[in-house]
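Chain by chain, the residues run as shown.
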Amino acid sequence: MLVEVSRLTKTYRAPDGSDAVEVLRDLELRVEAGQTVAILGPSGCGKSTLLNIIGALDHADAGEVRVAGQDLTKLDETALAKFRNETVGFIFQLHHLLPQCSVLENVLVPTLAQPRRDGTAGRAAQLLESVGLSHRANHRPGQLSGGERQRVAVARALINEPKLLLADEPTGALDRVNATRLIDLLLEMNRALGLPVVIVTHAVDLARRMNRVLELVDGQLREYRS
Ligand code: ADP
Ligand code: MG
């Protein structure tokens, strides 16, 4: 089991301690190796909170969060930083590419924190080829279309060979054609690398292309129907 989340609870409070909002309540989630999972749910229901906790960008208040054999609730800050850098790849709605760096340099950013970087340039070039952007390696992100930028973000998310890909509304800012292409690309990476993918999306038709479709309702996940 690649992801095992049990009895996960997350509550946000106002700075003065009042107005507690329980976003996730005793949430259960299991993702098997190689599986693709979509998470649906209305805005504000806690999808990003859940993804951020699985990716160690945020922490649970209670419960267990095991990812790739590591219990995130028990790691110290150093181990969490290493986990974020090496174990998960993240794609967000906005690409977050560095505007002053080339496409190739952007793909290499996650490798900068690592002491051993042999072969990373070759690997970045290979990844750019697999996302169809070899000819854009020396361009700046500002010179690319929205769809191309998201494909660079996919290459960047994969540069450290993560064990899990997390995508938070990655097609939210794309038109239909580019959204479909991005999902094609994620599924291709899943097939080629056996990489499990958890994607948050509003688009039911895109969600249906994943192995499992779940919806987040009242702080818990359930199988999506209809
Ligand atoms: P979604 O991604 O499904 O739109 P989020 O996970 O971003 O939802 O947010 C879930 C709820 O938690 C929302 O009501 C949001 O306002 C609240 N929330 C998110 N982050 C914080 C935070 N850092 N502090 C307080 N409330 C937050
Ligand atoms: Mg969100």
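Look up a bit, the structure's there.
My aim in this report is to walk through the structure given alongside it, one point at a time. (Residues numbered from 1 in each chain as written. Chains lettered and ligands numbered in written order. Predicted model: local features only at pLDDT ≥ 70, side-chain atom pairs only at ≥ 80, totals over all residues. Heavy atoms only, no water.)

Near ligand 1 you find Y12, V23, P42, S43, G44, C45, G46, K47, S48 and T49, and these make up its full shell. Interatomic distance of 2.8 Å between a side-chain N/O atom of S48 and an oxygen atom of ligand 1. Side-chain polar atom of T49 to an oxygen atom of ligand 1: 2.6 Å apart, as the coordinates give it. Considered on its own, ligand 1 offers 560 Å² of accessible surface; in the complex 56% of this is hidden by protein. (Near = heavy atom within 4 Å. Polar contact = N/O pair within 3.5 Å; in protein donor to acceptor, adjacent residues only side chain to side chain. Areas by Shrake-Rupley, 256 points an atom, 1.4 Å probe, with all protein chains shown as cover.)

Residues of strand β6 (residues 88-91) alternate between two faces, with V88 and F90 on one and G89 and I91 on the opposite face, all of them buried. Here β6 pairs with strand β7 (residues 164-168) via four bridges, running parallel. Looking at β7, one finds that V88 is bridged to L164. (Buried < 20%, exposed > 50% of the residue type's maximum accessible area, 1.4 Å probe, protein only. Helix = DSSP H or I, 4+ residues; strand = E, 2+ residues; numbered from the N terminus. Pairing = 2+ DSSP bridges.)

Tracing the chain through its elements places T36 in strand β3 (residues 36-40). Classification of T36 by relative accessible area gives buried; the value is 1%. Within the structure, the side chain of T36 is placed 2.7 Å from the backbone nitrogen of N211, a separation counted as a polar contact. If sequence neighbours within four positions are ignored, T36 has contacts with L187, N190, V197, M210, N211 and R212. (Contact = heavy atoms within 4.5 Å.)

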